[in-house]
Amino acid sequence: MILGIETSCDETAAALISEEGRIFANVVSSQADLHASYGGVVPEIPVVLEALGRADATLEDIELVGVTTGPGLIGALLVGLSAAKAIAWARRLPLAAVDHLDGHVASLYLEPAPLDPPFLCLLASGGHTLLLDVASRGAKPRMLGTTLDDAAGEAFDKGARLLGLGYPGGAEVDRLAQGGDPEAYEFPVARVPDLDFSFSGLKTALLYAVRDLDDRELERRRADLAASYQRAIVRALTERTREAAAVTDARQIAVVGGVAANSELRRALPDATLAPLELCTDNAAMIASAARFGEAISYPGYLGLDAYASAA
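Residues numbered from 1 in each chain as written. Predicted model: local features only at pLDDT ≥ 70, side-chain atom pairs only at ≥ 80, totals over all residues. Heavy atoms only, no water.

### Let's talk about the overall build of the protein chain
Next, step 1: Of the regular secondary structure elements, the protein chain holds 10 helices and 10 strands.
Next, step 2: Expressed along its principal axes, the backbone C-alpha trace of the protein chain runs to roughly 60 × 45 × 35 Å.
Next, step 3: When contacts within the protein chain are restricted to residue pairs at least 6 apart in sequence, those whose partners lie at least 24 apart make up 69%.
Next, step 4: Counting only carbon and sulfur atoms, one obtains 52% of the accessible surface of the protein chain, whose full area is about 13800 Å².
Next, step 5: In the protein chain, the 26 positive side-chain charges and the 43 negative ones have mean positions that sit 3 Å from each other. (Helix = DSSP H or I, 4+ residues; strand = E, 2+ residues; numbered from the N terminus. Contact = heavy atoms within 4.5 Å. Areas by Shrake-Rupley, 256 points an atom, 1.4 Å probe, with all protein chains shown as cover. Lys, Arg positive; Asp, Glu negative; His and termini not counted. Charge placed at Lys NZ, Arg CZ, Asp CG, Glu CD.)

Written out as structure tokens, the structure is:
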């Protein structure tokens, strides 16, 4: 049994999976309410014990520990890494250091419907927007494109703030957009070189549109603004993804990350394999899944292992 620990940002998560990819427990303790109020993260919640309880397991059943070492918020990462080291060291277990982004890709390898590479993967989250050429499980994906400024999830969050919505912004924009007209406003979709993305101009266009409305008119048009803004983000993601699929002759397309939960994006890519909703946002099952394909560090070589805030 593999224990996964994920504490890269807002969520504190622990999961237990089998070597074959069956999920026994996947516990996510969200800090969204605290994050919305204070802009901070509190990662010390004992989710490992809860995951063990849900899986009807004990630490004696663990054979491998997988933990996110980056990228992410360094303070939160260090809490998770310290817990993983302590558990692995106490039982003389190997430990796998997992890149958070590799974890998102590895969410596609879990039961009940694991996806086999090769495939083109759109990874869209609050901190990253990437197009990846995934050749095999365990191999580092080849990056085909990335964002030149904001990530797609960041664009959703910033747009939500401009519209006076709550946190997390992506879910709030998606909810409000259901009652709006996506063709009410014609927001720009940036066309940057190669297979990269850009969302800063779109965010600025929304800012100007909101500024042009008085409070009463903004309230009346808020749903239309949300729907049109969401449509522009989804267009940018889907058009680039299909372009990348054509360039690489990809036969399979997959979508992972928090933005993969967006209802319009899921409708816009009906032929793609999307991560299950419960595995789109940060979770530990994906980290445990990635741990299966990485090179684990034997006891006690991981005691000096450090976390990193960014891959650069």
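There's plenty left to go through after this.
### As for helix α2 (residues 47-54)
Next, step 1: Three or more residues of α2 are buried, namely Val47, Val48, Ala51 and Leu52. Relative to the axis of α2, the buried residues are bounded by an arc of 140° and lie together on one face. Structural note: α2 exposes Leu49, Gly53 and Arg54 on the side pointing more than 90 degrees away from its buried face.
Next, step 2: Contacts from the buried residues of α2 go to β1 (2-6), β2 (11-17), β3 (23-30) and α3 (74-90).
Next, step 3: Downstream of α2 by a residue or two, Asp56 has a phi angle that is positive, lying close to 55°. (Buried < 20%, exposed > 50% of the residue type's maximum accessible area, 1.4 Å probe, protein only. Arc of directions from axis to C-beta.)

### Topic: the side chain of Thr68
Next, step 1: Turning to its location among the elements, Thr68 is positioned in strand β4 (residues 64-70).
Next, step 2: Among the polar contacts listed, one links the side chain of Thr68 to the side chain of Glu6, at a separation of 2.5 Å.
Next, step 3: Not counting residues within four places of it along the chain, the set of residues in contact with Thr68 comprises Ile5, Glu6, Ser8, Leu77, Val98, His100 and Ile287. (Polar contact = N/O pair within 3.5 Å; in protein donor to acceptor, adjacent residues only side chain to side chain.)

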